[in-house]
Amino acid sequence: MCGITAIFNIHGDMSALRKQALEMSKRIRHRGPDWSGIYQGKSAILAHERLSIVDPASGKQPLISPDGKQILCVNGEIYNHRELRQRLKDKYEFQTGSDCEVILALYREKGPEFLEELNGIFAFALYDEEKDLFLIARDPIGVIPLYFGYDNEGHLLVSSELKGLEGFAVHYEVFKPGYLFYSPENEIRQWYHRDWNSYEAVQSNPADEKELREALEAAVQRQLMSDVPYGVLLSGGLDSSITSAIAKKYAAKRIEDDSRSDAWWPQLHSFAIGLKGAPDLVAARKVAEAIGTIHHEVNYTIQEGLDAISDVIYHIETYDVTTVRPSTPMYLLARVIKSMGIKMVLSGEGADEIFGGYPWFYREDLLMGNGFPWSKNISVRQCLLHDDFIKKLDLEEYVSKRYIESVKQAPILEGESQEEKRRREISYLNLKWFMATLLDRMDRTSRACGLDRTSMYSGLEARVPFADHRIMEYVFNVPWEMKRRNGVEKSLLRDAFKDIVPHELLYRKKSPYPKTYNPAYEKILSERLTGIVNNKNNPINEFVDGRKVMKFLKAPNEYGKPWFGQLMTAVQLTAYMLQFEYWLEEYKPEIIM
């Protein structure tokens, strides 16, 4: 992966804006430490920070068409680029071996209506110098992050991370997955459409274990496309065990020439992280022995995790505890992986969202309830705030509004039962909210570690085979009884790969990864929060009631679970307050109510 920034709609002197574009790009250079490039045109400036995975020798960006009329910056990978090159070779003279150059060729052939031909993950900005127009687009699932905004002069700004826009844009937002912006149309529109709303299209959609296996193996094989050393993230759970086993199956040959030659780095390395003695580490070790990877086990201490939190919050650009908690060990792991010369890893993220691995898919109280099933107890989350601030926030109203908006967008079928309708709504909510957060977390921690931000901080790319849109399209409409046969969640996935995962681990109880809770951890958090609320000058005291906090710290278990899950007990609320405090101190935001 890489980092892109761009400024469009420029009219007048460009010198100051070129400096701005360089500064915007510099802020996200951790995403692409291998090369920096910039292009200045009539009314646009595009900048790129490169992490070279495919064609390190000639694939630097911005990419420019042979006649110099179209310029492109891309963050992503196009897995079917060789097939597209073959089709387009008589129409376009390719300048590099970059997988992303096919975007230029397709644009010249079809204008903006080519995105359905791409099999990959991407976010890009394309400038047509000849026609003085531009195109911005993002992949269907949102594996690759992208943000855009406007300044006071009407310039449109684009960046892979929010920090690239900070201080320059007066308004900014997420560029939605599966959407494009084509400047002649002057509006953002959806380009990715599927027939999930058609009952006739999906009413008889039987799942075939053999077909599923072939599809997932093909997705993993495609994503092994790399001209640099790569590895796999192996937690010891079902999903990462499957992706690791498939990767091992194909690692000996080069994907780039259809497995005709030996791989440049045929030995597959697997990686796991955890506190010393964590059960996940034991399980990961057993899987690695069974499939034959060179396994690396990384231990970290509670103090090392706490020391890393400030860096993690900066790079993931949020203080949300459900994101910070798993991102912290993955941030540490990404640094270790990159230090070994590995620049890309595969992850097993995404399977729970499409195969129904979470309790709200099958527990009736969660399934048939009203609201986001993973966020039932809003009152506990705001119980430490000042009463007047709670009234101003009106958090229940906000969450309810967003929930209703989201449910209305779910692809409901008229011929379904009420239970199946609800399950379809839950599946859609998982893709729109839960998985989107998970993928963005990946990008922020290593572009591979829970993932994009924490991995990309270290210049490590993470790929997610389960988020391949072909897999998601296939599984989304599979009948629930096939996804959970005999009361076993993800039974379709387990049965399809029962011969490659050790039997004792095939039905291992789901465990949140990585586990970080520890009594010593809780004690340190409590002491830190006590010190903060006792400091009357700390900015958090404008929002948090110190008396409520002290009462909470004396009996935290009486406050229930602010977040759903095994680990999301009251200790996470303490961590949440500490992370909020760091965010306030670091960014000094102006809170407008």
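Structure first, text after, so check above.
Residues numbered from 1 in each chain as written. Predicted model: local features only at pLDDT ≥ 70, side-chain atom pairs only at ≥ 80, totals over all residues. Heavy atoms only, no water.

Participant: Please explain the overall build of the protein as it appears in this structure.
Facilitator: Scanning the protein from N- to C-terminus turns up 23 helices and 17 strands. By the burial criterion, 60% of the 593 residues in the protein qualify as buried. At a minimum sequence separation of 6, the contacts of the protein that also span at least 24 residues come to 67%. Surface exposure of the protein reaches about 24500 Å², of which carbon and sulfur atoms provide 49%. (Helix = DSSP H or I, 4+ residues; strand = E, 2+ residues; numbered from the N terminus. Buried < 20%, exposed > 50% of the residue type's maximum accessible area, 1.4 Å probe, protein only. Contact = heavy atoms within 4.5 Å. Areas by Shrake-Rupley, 256 points an atom, 1.4 Å probe, with all protein chains shown as cover.)

Participant: When you look at the nonpolar core in this model, what are you seeing that I'm missing?
Facilitator: One finds Phe8, Leu46, Ile136, Phe355 and Leu493 to be the most contacted residues of the largest nonpolar core, which totals 80 residues. Look past the residues within four positions of Leu493 in its chain and what remains in contact with it is Leu212, Leu216, Leu238, Asp239, Ile242, Ala351, Phe355 and Phe466. Of all hydrophobic cores here, the second largest spans 48 residues; its members include Val298, Leu460, Leu525 and Met577. (Core = buried A, V, L, I, M, F, W, Y, C linked by side-chain atoms within 4.5 Å.)

Participant: For this particular structure, what's the right way to read the side chain of His48?
Facilitator: Locating His48 in the fold gives a position in strand β3 (residues 45-50). With relative accessibility at 0%, the residue His48 sits in the buried group. Among the polar contacts made by the side chain of His48, one reaches the side chain of Gln61 at a distance of 3.4 Å. Setting aside anything within four residues of it in sequence, one finds His48 in contact with Cys2, Gly3, Ile4, Ser25, Trp35, Ser36, Gly37, Gln61, Pro62, Cys73 and Val74. (Polar contact = N/O pair within 3.5 Å; in protein donor to acceptor, adjacent residues only side chain to side chain.)

Participant: When you look at the pairing of strand β6 (residues 120-128) in this model, what are you seeing that I'm missing?
Facilitator: Buried residues dominate β6, accounting for nine of its nine residues. Residues Gly120, Phe122, Phe124, Leu126 and Asp128 of β6 are buried on one face, and the alternating residues Ile121, Ala123, Ala125 and Tyr127, pointing to the opposite face, are buried as well. Strand direction decides the pairing type here: strand β5 (residues 70-78) and β6, joined by nine bridges, are antiparallel. Bridge pairing in β6 places Leu72 opposite Leu126. Two successive antiparallel strands, β6 and strand β7 (residues 133-138), enclose a turn made up of four residues, where Asp132 displays a positive phi of approximately 55 degrees. (Pairing = 2+ DSSP bridges.)

Participant: Would you explain the sheet that holds β6 in this entry?
Facilitator: Adjacent strands of a sheet pair through backbone hydrogen bonds, lying either parallel or antiparallel. Strand order in the open sheet made by the six strands is β4-β5-β6-β7-β11-β12, with antiparallel pairing throughout. Strand pairing shows two members of the sheet lacking a second neighbour, β4 (63-64) and β12 (187-190), which therefore form its edges. Each of β4, β5, β6, β7 and β11 (179-182) is contacted by helix α3 (residues 102-110), which is oriented at about 125 degrees to β5, the strand it contacts most. (Axes fitted to C-alpha atoms, helices over the stretch in contact; angles between N-to-C directions.)

Participant: I'm lost on the sheet that holds strand β1 (residues 3-8) in this one. Help?
Facilitator: Read across the sheet, six strands follow the order β2-β3-β1-β9-β8-β10 without closing on themselves; strand pairing throughout is antiparallel. The sheet is open, and its two borders are formed by β2 (35-40) and β10 (171-174), each paired with just one other strand. The mean inter-strand angle of the sheet, taken between neighbouring strand axes irrespective of direction, is 10 degrees. Alignment of β1 against β3, held across five bridges, turns out to be antiparallel. By the bridge assignment, Thr5 is partnered in β3 with Ala47.

Participant: How do you make sense of unusual backbone geometry when you look at a structure like this?
Facilitator: Comment: phi is negative for the bulk of residues other than glycine, and the bulk of peptide bonds are trans. Cis geometry marks the peptide bond from Gln61 to Pro62; its omega dihedral reads 5 degrees. Residue position: Pro62 is located in the loop between β3 and β4. Although it is not a glycine, Asp258 adopts a positive phi angle of roughly 60 degrees. Along the chain, the position of Asp258 falls in the loop between α6 (238-250) and β14 (269-274). Within the chain, Ser259 stands out as a residue other than glycine whose phi angle is a positive 65 degrees. Topologically, Ser259 is positioned in the loop between α6 and β14. Ser259 gets classed as partly exposed once you look at its relative accessible area, which sits at 26%.

Participant: Hey, could you run me through the pattern of salt bridges in this one?
Facilitator: Working definition: two side chains of opposite charge can pair if their charged atoms are close together. In total, this model carries 42 salt bridges according to the counting rule given. One salt bridge connects Glu130 with Lys69, and the closest N-O pair in it is separated by 3.2 Å. Residue Glu130 is found in the loop between β6 and β7, and its partner Lys69 is found in the loop between β4 and β5; the two are separated by 61 residues along the sequence. Judged by its relative accessible area of 47%, Glu130 is partly exposed. Here Glu217 makes a salt bridge to Lys249, at a shortest N to O gap of 2.9 Å. You can see Glu217 sitting in helix α5 (residues 209-222) and its partner Lys249 sitting in helix α6, a full 32 residues away along the chain. Residue Glu217 is classed as buried on the basis of its relative accessible area, which comes to 8%. Residues joined by salt bridges that share partners form a network here, namely Arg87, Lys91, Glu109, Lys110 and Glu117. (Salt bridge = Lys/Arg side-chain N within 4 Å of Asp/Glu carboxyl O.)

Participant: Would you take a moment to explain α6 for this structure?
Facilitator: Given 3.6 residues to a turn, an α-helix orients residues that are three or four positions apart in the same direction. Here α6 is 13 residues long and its end C-alpha atoms lie 19 Å apart, about the 18 Å a rise of 1.5 Å per residue gives. Of all 13 residues that make up α6, 11 are buried, and the element is covered over most of its length. All buried positions along α6 are accounted for by Leu238, Asp239, Ser240, Ser241, Ile242, Thr243, Ser244, Ala245, Ile246, Ala247 and Tyr250. (Expected span 1.5 Å × (residues − 1).)

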